[in-house]
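Commentary on secondary and tertiary structure
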Amino acid sequence: MKSRRSLTVAMAAVSVLVGTAPTADAARNRPVTAANRPAATWSRPVAMWNMNEWSGSRTMVDSSGNRLNGRIGLEVGTGIQVLGATGYRFDRLEPDSPPTHPGHLVTVGDSANLDPGNRDFTMTVRLRTTHKFGNIVQKGQATVSGGNFKMQIPGGIAECLFRGSFDSVLVRSPTRLNDGRWHTVRCNRNGSGLTMTVDGTVVARKAGWTGTIANSWPVTIGGKADCDQIDVGCDYYAGDLDYIQLEAG
């Protein structure tokens with residue numbers, strides 16, 4: 001049996017290691033900046049869209065448990081099997097040529113869970129394409145209030161953009177990914193900047209704190225929700241998607 005003195009010493013050591021947490025009032029009143037925002041030591045799924053529904057399905061199921069299901073447009077191919085994966089197919093549409101094709105999109109209704117806010121936030125996409133254009137996934141657009149985030153593939157180069165209340169930060173892959181093979185692209189926004197990983201290897205980093213990102217727009221997969229193909233291009237993605245995952249910490 002341990003002596004009372006031993007227990008006292010052990011408890012004191014734990015107290016030194018853990019430290020004293022700030023009060024809720026102090027944390028709430030302190031401005032959140034890149035310098036004082038606590039780094040997340042874990043992340044949790046916000047949405048997990050496996051995109052493995054059968055052919056003809058019109059509901060994209062969120063398997064994270066958060067019930068952030070999506071509406072699959074009539075022009076999106078589902079149950080597509082290619083190179084060992086089952087996913088969605090988005091046919092090529094001519095850029096900036098009317099009419100618009102809202103059926104080309106998968107749409108998930110607005111939810112505060114889908115906004116990065118001030119949290120560490122990660123989006124991961126497994127994609128396959130031979131084309132060189134299009135927005136893959138986004139929430140909000142370039143000029144909307146509250147900021148936005150997106151992944152796109154201009155010229156076959158994967159790009160991730162997070163635009164917040166303080167700044168915009170963008171990273172891009174150093175090589176083209178439109179080679180017809182499956183690639184997994186992961187972008188993580190945190191207090192120190194933005195990091196892109198492709199197929200398990202870090203390929204790009206950019207320092208900078210974006211600030212808060214929170215808007216009232218839906219998540220769209222496959223292009224923009226608000227566009228006319230004249231003054232505002234819809235940036236329709238062409239290719240296959242195996243899954244998309246969003247995480248926050």
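Residues numbered from 1 in each chain as written. Predicted model: local features only at pLDDT ≥ 70, side-chain atom pairs only at ≥ 80, totals over all residues. Heavy atoms only, no water.

This part takes up the pattern of salt bridges. In the structure shown here, the tally under the stated rule is 9 salt bridges. A salt bridge links Arg128 to Asp240, with the nearest nitrogen and oxygen atoms 2.9 Å apart. Pair noted here: Arg128 is in strand 7 (residues 121–128) and Asp240 is in strand 16 (residues 239–248), with a separation of 112 residues, a long-range link. Residue class for Asp240 comes out buried when judged on its relative accessible area of 3%. Residues Asp235 and Lys224 are paired through a salt bridge, measuring 3.2 Å at the closest nitrogen-oxygen approach. On the criterion of sequence distance, the pair formed by Asp235 in the loop between strand 15 (219–221) and strand 16 and Lys224 in the loop between strand 15 and strand 16 is long-range, its members being 11 residues apart. For the pair Asp235 and Lys224, a shared accessibility class is recorded, and that class is buried. Residues joined in a network through salt bridges with shared partners are Arg89, Arg128 and Asp240. (Salt bridge = Lys/Arg side-chain N within 4 Å of Asp/Glu carboxyl O. Helix = DSSP H or I, 4+ residues; strand = E, 2+ residues; numbered from the N terminus. Buried < 20%, exposed > 50% of the residue type's maximum accessible area, 1.4 Å probe, protein only.)

Further remarks concern the state of the cysteines. A disulfide bridge is the covalent bond that connects two cysteines by way of their sulfur atoms. Evaluation of the coordinates by the stated rule reveals 2 disulfides. What pairs with Cys160 in a disulfide is Cys187, and their sulfur atoms sit 2.0 Å apart. Measuring handedness by torsion sign, the sulfur bridge of Cys160 and Cys187 sits at about 75° and is right-handed. With Cys160 in strand 10 (residues 159–163) and Cys187 in strand 12 (residues 183–190), the pair connects residues that are 27 residues apart, well separated along the chain. Disulfide pairing is shown between Cys227 and Cys234; the S-S distance is 2.0 Å. For the disulfide bridge between Cys227 and Cys234, the dihedral angle about the S-S bond is near 95°, and by the sign convention the bridge is right-handed. (Disulfide = S-S within 2.5 Å.)

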